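Take a look at the letters that make up each chain.
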Amino acid sequence: MGQAEVVIVGGGISGLSLAYFLLKKKPDLDIKIIEAENKAGGKIVSENISSFLCEAGVNGFLNNKPSTIVLANELGIEPLMGSEHSKVRYILIDGQLKKVPEDPLKFFASSLLSVRGKIRMIGEYFIPPLKEDIDESVQSFVSRRVGTEFYEKLIDPMSTGIYAGDPTKMSMKSCFPKVYWLEKKYGGLIKGLIALKKGKKNVETAPKSMLMSFRNGMVELIQSLENKLASKILKNKKVLDITLNNGLYNLYMADGEYLQATKIVLACPAHESANIVKEFDKELSKLLASIPYPPLSVVAFGFKTEQIGFGTGLYGFLVPHREKRKILGCLFDSTIFPNRAPQGYVLLRTMIGGMRSPDLALLPDEKLIETALSELRDILSIKGNPEFIKIFRWQKAIPQYQVGHEEKLRKIDERLKSFPGFYLTGNAYRGVSVNDCIQNSIELADKFLSL
Ligand SMILES: Cc1cc2nc3c(=O)[nH]c(=O)nc-3n(C[C@H](O)[C@H](O)[C@H](O)COP(=O)(O)OP(=O)(O)OC[C@H]3O[C@@H](n4cnc5c(N)ncnc54)[C@H](O)[C@@H]3O)c2cc1C
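All values derive from a computational prediction rather than experimental measurement.

### Considerations on the site of the ligand
Lining the immediate environment of the ligand, one finds 35 residues, of which S14, E35, K43, G60 and V432 sit closest. Here a nitrogen atom of the ligand and a backbone polar atom of G60 are 2.8 Å apart. One of the backbone N or O atoms of N427 is found 3.1 Å from an oxygen atom in the ligand. Protein contacts shield 90% of the accessible area of the ligand, which totals 990 Å² for the unbound molecule. Contributions of two or more residues to the shell around the ligand are made by α1 (13-25), α11 (270-276) and α17 (434-450). Of the residues contributing to the shell around the ligand, the split by class is 17 nonpolar, 12 polar and six charged. Taken domain by domain, the shell around the ligand gets at least three of its residues from each of domain 1 (2-38 + 225-292 + 401-450) and domain 2 (60-85 + 294-394).

Structure representation (structure tokens):
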């Protein structure tokens with residue numbers, strides 16, 4: 001039996017960054033991080049295979065929020081900015097790749113939307129806001145305000161690109177809160193954007209958000225945190241169950257050992273937390289288990305640059321649902337970060353599966369490769385075979401914030417009030433990105449130590 005003042009379950013970016021910020025505030029805090037696998041990092045896994053640097057899961061973070069950059073600076077590691085080409089993004093429309101214009105003026109000149117679609121988009125200005133504060137789906141909110149064409153061609157693929165979700169089920173309020181609140185606060189999206197721009201009249205406008213990572217991949221962030229936390233991380237220890245006796249939490253592990261703690265934080269995926277609290281609090285367990293995590297597969301291909309007929313100077317492309325294709329999109333990893341592939345080669349990562357086509361993610365290896373490759377051949381005019389192929393499978397990938405998510409969180413918080421010193425964190429609740437996970441850790445560390 002071991003003991004610690006604080007036990008964090010889960011050594012992904014949420015758990016590790018929380019431990020880091022707690023120790024920064026209170027260096028003598030007796031803290032342990034319990035990780036089920038033989039390595040920390042969770043969905044952050046960077047692998048060097050045949051001279052290709054592949055991200056199995058997380059590809060990077062945007063510089064439009066500060067948390068990851070601030071943490072990296074504190075850890076003394078230098079973020080790597082995506083190349084200029086990474087501003088070049090495409091969407092598949094009627095079987096053809098169309099460039100997404102970088103600024104709104106070019107947008108109106110582009111052929112991305114029909115004239116009717118563009119007029120409907122401008123008409124957003126005159127659409128009255130909904131009076132009630134209802135939890136509306138992304139599809140319903142965007143179609144109502146900006147029109148069906150805008151939704152189908154732009155927001156549907158964007159929702160898939162971030163969440164691998166189904167926008168007819170995703171909650172606008174929980175997935176895109178800033179846009180949701182523009183309607184509530186200013187009466188509409190165009191009105192809101194104008195007001196925000198006016199407010200910033202004398203302020204230098206922020207540069208467009210860019211994808212960032214690290215020279216050796218996202219794992220560099222995990223390795224630096226591990227170096228700081230070294231002896232506090234216990235690996236190969238899966239927590240199965242918890243109990244609370246006389247103000248102390250007991251955590252029971254798969255290897256038969258157990259730990260006691262005054263405070264615990266479950267920083268693992270919600271479906272895992274649901275299993276851990278199954279006997280402890282059935283209601284809490286049910287709420288956590290109701291957050292869906294559809295499967296997603298990432299198929300990485302290495303080609304010679306000249307094999308890609310379409311060219312390689314792009315970030316990647318997304319595929320709207322209306323195109324009825326079998327892939328969600330594809331990222332040109334080695335265009336974004338040139339050191340991801342050897343000279344003369346390109347590394348493409350294709351996403352398959354998600355909420356709307358979970359079965360595709362679960363296809364056997366050969367079928368999965370064949371499916372991804374035939375779509376890429378058609379869309380990018382690829383000649384010949386790839387020189388490198390690697391599949392990364394995520395049985396339970398990205399948590400879905402569906403309509404009702406906010407109410408679910410309220411009920412979860414209500415249950416937690418009965419258990420002093422018991423916390424939940426991770427990407428299942430208030431933000432799915434690495435930036436959000438780190439920001440949540442900063443806030444939880446503050447709250448934690450003030451109690
Ligand atoms: C394919 C894919 C691509 C993504 N790309 C991006 C991206 O480019 N940018 C971005 O910002 N976000 C991306 N995300 C989202 C990303 O997952 C999160 O931002 C973040 O990495 C989640 O971190 P976390 O620590 O909350 O959870 P996780 O990374 O899931 O970590 C949870 C940890 O808990 C451990 N654990 C689970 N059960 C137990 C148990 N019973 N006992 C002990 N330990 C346990 C796990 O082993 C794991 O290490 C992507 C996600 C996926 C799946």
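### A few points about the sheet that holds strand β5 (residues 61-62)
Spatially, the three strands line up as an open sheet ordered β5-β9-β6, and their pairing is antiparallel. A single partner strand is all that each edge strand has here, and the edge strands are β5 and β6 (79-81). Relative to strand β9 (residues 211-214), β5 runs antiparallel, the two sharing two bridges. Within the sheet, the bridge partner assigned to F61 lies in β9 and is M212.

### Let's talk about the packing of aromatic side chains
Under the criterion given, the structure shown has 20 aromatic pairs. Ring geometry for F280 and F422: centres 5.7 Å apart, planes at 10°, overall stacked. Taken together, the residues F280 in the loop between α11 and α12 (282-289) and F422 in strand β19 (residues 422-424) connect sequence positions 142 residues apart. Exposure class is identical for F280 and F422. Each is buried. Members of the aromatic cluster, connected to one another through ring pairs, are Y249, F280, F419 and F422. For R89, the ring lying beneath its charged end belongs to Y315, and the centroid distance is 3.8 Å. Stacked on the ring of F448, the Lys or Arg K263 has its end atom at 4.6 Å from the ring centre.

### Considering α1
Given a rise of 1.5 Å per residue, 13 residues ought to cover 18 Å, and the 18 Å separating the end C-alpha atoms of α1 matches this to within 8%. Counting buried residues along α1, 11 of its 13 residues qualify, which places the element largely inside the surrounding structure. Where α1 is concerned, the buried positions are I13, S14, G15, L16, S17, L18, A19, Y20, F21, L22 and L23.

### What to know about the domain arrangement of the protein
Taken domain by domain, the protein comprises domain 1 (2-38 + 225-292 + 401-450), domain 2 (60-85 + 294-394) and domain 3 (103-199). Its C-alpha centre places domain 1 at a distance of 31 Å from the equivalent point of domain 2. Across the contact, 14 residues belong to domain 1 and 11 residues belong to domain 2. Interface of domain 1 and domain 2: buried area, both sides summed, is about 1,000 Å²; carbon and sulfur atoms make up 57% of it. The three residues of domain 1 that bury the most area against domain 2 are Y20, N435 and I438, which together make up 44% of that side's buried surface. Across the contact surface, domain 1 and domain 2 share two salt bridges. D436 is the partner of K65 in a salt bridge, and the nearest nitrogen-oxygen pair spans 2.7 Å. For the side of domain 1 that touches domain 2, the elements supplying multiple residues, two or more each, are α1, α10 (219-229) and α17. For the side of domain 1 that touches domain 2, the element with the highest residue contribution is α17, accounting for six residues. Considered class by class, the residues forming the side of domain 1 that touches domain 2 number seven nonpolar, four polar and three charged.

Calculation rules
Residues numbered from 1 in each chain as written. Predicted model: local features only at pLDDT ≥ 70, side-chain atom pairs only at ≥ 80, totals over all residues. Heavy atoms only, no water. Near = heavy atom within 4 Å. Polar contact = N/O pair within 3.5 Å; in protein donor to acceptor, adjacent residues only side chain to side chain. Areas by Shrake-Rupley, 256 points an atom, 1.4 Å probe, with all protein chains shown as cover. Helix = DSSP H or I, 4+ residues; strand = E, 2+ residues; numbered from the N terminus. Nonpolar A, V, L, I, M, F, W, Y, C, P; charged D, E, K, R; others polar. Domains from an automatic or database assignment. Pairing = 2+ DSSP bridges. Phe/Tyr/Trp six-rings, centres within 6.5 Å; stacked < 30°, edge-to-face > 60°. Buried < 20%, exposed > 50% of the residue type's maximum accessible area, 1.4 Å probe, protein only. Lys NZ or Arg CZ within 6 Å of the ring centre and 35° of its normal. Expected span 1.5 Å × (residues − 1). Contact = heavy atoms within 4.5 Å. Buried area = accessible area lost by both parts, 1.4 Å probe. Salt bridge = Lys/Arg side-chain N within 4 Å of Asp/Glu carboxyl O.

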